[in-house]
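# Structure assessment
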Amino acid sequence: MNKLQNSTEKLKPCDAKAKQQYVSVVLPFAIDRSYDYLVGEIGTVAPGTFVLVPLGTQIRTAVVWDSPVGIQKPVQSAKLKQIAGKIDIPRLPIISMRFAEWISQYTLSPIGMIVRMTIGASSAAGSRKQNFGVQYVLGAPQLSRMTPARIRVVEVSADGQIRTKADLAKTAGCTTAVVEGLIKAGILTNVVIPEKAYAQPNPAYKLTDFNEDQKIAVHLLKAAVEAQAFSVSLLDGVTGAGKTEVYFEAVASALAARHQVLILLPEIALTSQFLNRFEKRFGCVPVEWHSATKETERERIWRAVAQGAIQCVVGARSALFLPYKNLGLIIVDEEHDSGFKQEDRVNYQARDMAVVRANLGKFPIILASATPSIESHVNARTGRYRHVILPGRYSGINLPDITPIDLKSNPPKQGCWLSPILINALKETLNDGRQSLLFLNRRGYAPLTLCRTCGYRIKCPQCSAWMVEHRFRQRLTCHHCGFTLPILKECPECGEKNCLVLCGPGVERILEEITDIFPSARTVLLSSDLIPTLNEMRKVIAQIESGKVDIIVGTQIVAKGHHFPKLATVGIVDGDLGFSQSDPRAGERSFQLMQQVTGRAGRTVERGRGFVQTHLPEHPVIQAIITGDRNAFVEREIQERQAGMLPPYGRLAALVISARDKNIAKAYAYSVAHSAPKADRIIVLGPAEAPLSMLRGRYRWRLLVKAARDIDVQSYLRTWINQIPTAKCDARLSVDVDPYNFM
């Protein structure tokens, strides 16, 4: 890792007659090195400054770095170009540079791609735009001719507020031409709209009453914040234990010390309840950062975070890369969630990188979950993490009773998917005026369409995956690449009509079955592909929370920490769904998901019930869910990981080779494998055709590297990559250190 040098500028001889100032800059592209540019006449350029530089025939945004990055190629001084200008935005903090370098080194990603994520909003590093509005002019002359529309505009604008022309015209019920006329007449004037001021959370806005277990947890977490040193605390509490309110006290301590706080959530777009709870505790909602945030708002947030004008950010994993001026605490809620793993361009685990960011900044981080990851369990056992436990629910109500439904002895009716036992439980809950939830982690109506005449299975033409029927949208969809088709009336292989059979259920099919059984029940389907916008999703969740829904059918988004006060019964339609995956974390994920889902039931006024439909009631995961013996399950998982040299007792890295031609992909995969260096305590498995052998029109092969925990896998991979022959045609190689996806 490059270290910060004392000087903010560097001098090197650029020709024989004189020495000219130059700096190294990093461009936000897939480039793994910095470039040198002459400073010229723009004056002092400190590290972190955003500048415009000529690159080829274009002018590009770049960030001035405090020392060269990557392998530098000698360049004749006469060929060095000058920086074209500075950009008037806050500088990138030095710690953000160190963080970018660390992630680049760990993930083997080009430094330019990390900088691209750090910039955050594409317009953040652009020219600052001023937004104009109109305002009433005090003491303006009276016009002899005032139409009703003009009178309405004057009445609205007389309060002195600045509004855009469009907003003023809409409020006054007229056209913008009327507003323009009043500007020309001197009644209104154009003014610059001031920058948005963000509300500041008040640490003492509302105090919370805690039980004894919570008081101990609050004390430990506040002590970690007050120590002003790096530490990791695992806040481990059952569903409904009040983990959020407990770590809010740590947030309050950090805010009182004038530190910025980052709270990472795996599904920020679904957390309207979290925002409400934050507002009740601190008097205002926090600033949100996620993919649904508008581009102009992202630019304002980016600048305000860099200036220290925003105290608390609640965001998805990308919020980790904002340029915090004084970050003093990170919370990773639902730390076990696989949504923190990014698998596009830069492959990183946001939970783990958040720990790195806290270590670089020398401040505490809190990982919170009702079902902590095995990695976090092991770190807590070995003393690397402080283990803070909340053993019971805040309400005092016990966790739900879980009942297995053996589908071999209690099968559904033919053509149906719900056992009579589960249907009776739903009926009882409905009669009691309480809510029920049915969970199936499978979108759409049916996962497979099969021709009964020739046996053809309708597949995506770009992926080796079946097309999923979405009956509500009348489309067949590939969930890997997004390719869609209208629902077919005849087999595309044999041409036979009325021969296509739907195999297996999706959530839409379960909802259809529920509607047939309980036609008067108020039902809702929670699935991300059917509720496309953030506002619509939050409206649906608010309806459930207020008790306006009787039966909820949903995919895994229902397990993301929601609190539904009237929810009494949860049914898992297919408890075996995750067991067939070729993934060393399959058992852990299945356990976490089922425990999180069943934990939604009975959180307030009565003990809830959970039902798990399964063909494998003897499976260790099912048994752990039924008995509630999490410790036994965790112990078994740890032993299996240790025996198999799997994380956290070993290191994994995946190499994925892809090409549009199948033979080219295979040949290059074997070429990559033959280039692997020999090394002790490192095993290279493969190459083998990937389980998802074609994705987005590209054929895929995989290699897996297994190594002992103390092995420097990154150095081994760099040596290997440098020995790999140059790819022919369009063959590509991607590297994923610490993979979570084995497809």
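Below: a short report on this structure.

So, how was this worked out
- Residues numbered from 1 in each chain as written.
- Predicted model: local features only at pLDDT ≥ 70, side-chain atom pairs only at ≥ 80, totals over all residues.
- Heavy atoms only, no water.
- Phe/Tyr/Trp six-rings, centres within 6.5 Å; stacked < 30°, edge-to-face > 60°.
- Helix = DSSP H or I, 4+ residues; strand = E, 2+ residues; numbered from the N terminus.
- Buried < 20%, exposed > 50% of the residue type's maximum accessible area, 1.4 Å probe, protein only.
- Lys NZ or Arg CZ within 6 Å of the ring centre and 35° of its normal.
- Expected span 1.5 Å × (residues − 1).
- Arc of directions from axis to C-beta.
- Contact = heavy atoms within 4.5 Å.
- Polar contact = N/O pair within 3.5 Å; in protein donor to acceptor, adjacent residues only side chain to side chain.
- Pairing = 2+ DSSP bridges.
- Axes fitted to C-alpha atoms, helices over the stretch in contact; angles between N-to-C directions.

### Focus: the packing of aromatic side chains
Per the stated rule, a full pass over the model turns up 12 aromatic pairs. Measuring from ring centre to ring centre gives 5.6 Å for Phe-248 and Phe-278, while their planes differ by 90 degrees; the resulting arrangement is edge-to-face. Pair noted here: Phe-248 is in helix α7 (residues 243–256) and Phe-278 is in helix α8 (residues 272–282), with a separation of 30 residues, a long-range link. Look at Phe-248 and you get buried, because its relative accessible area is 1%. We classify Phe-278 as buried; its relative accessible area is 0%. Taking 5.5 Å as the distance between ring centres and 75 degrees as the angle between the ring planes, the aromatic pair formed by Phe-248 and Phe-282 counts as edge-to-face. Here Phe-248 is found in helix α7, whereas its partner Phe-282 is found in helix α8, with 34 residues between them in sequence. One cation-aromatic arrangement involves Arg-33 over Tyr-35; the distance from NZ or CZ to the ring centre is 4.2 Å.

### Side note on helix α18 (residues 662–674)
Between its first and last C-alpha, α18 extends 19 Å over 13 residues, near the 18 Å set by a 1.5 Å rise per residue. All of the buried residues along α18 are Ala-665, Tyr-668, Ala-669, Val-672 and Ala-673. For α18, the arc enclosing every buried residue in end-on projection is 140 degrees, short of the 170-degree limit, so these residues lie on one face. Opposite the packed face of α18, turned more than 90 degrees from it, sit the exposed residues Asn-663 and His-674. For α18, the secondary structure elements touched by its buried residues are β29 (650–659), β30 (682–695), β31 (698–708), α19 (713–723) and β32 (732–737). Put simply, Asp-661 is the residue that caps the front of α18, since its side-chain oxygen is 2.9 Å from the backbone nitrogen of Asn-663.

### Observations concerning unusual backbone geometry
Of the consecutive residues Pro-647 and Pro-648, the connecting peptide bond is found in the cis state with omega at 10 degrees. Structurally, the position occupied by Pro-648 is in the loop between α17 (630–644) and β29. Looking along the chain, the bond that leaves Gly-686 and enters Pro-687 is cis, with omega of 15 degrees. Here Pro-687 lies in strand β30.

### Quick look at the sheet that holds β31
Taking strand neighbours across the sheet as the criterion, the four strands line up as β30-β31-β29-β32 in an open arrangement whose pairing is antiparallel. Each of the sheet's edge strands pairs with one partner strand only, and the pair in question is β30 and β32. Each adjacent strand pair in this sheet contributes to an overall mean axis angle of 20 degrees, direction not counted. Two elements, β29 and β32, share six bridges in a ladder whose sense is antiparallel. Following the sheet pairing, Val-656 is matched in β32 by Ser-734. On top of the sheet, α19 reaches β29, β30, β31 and β32; it is set at about 25 degrees to β29, its chief contact.

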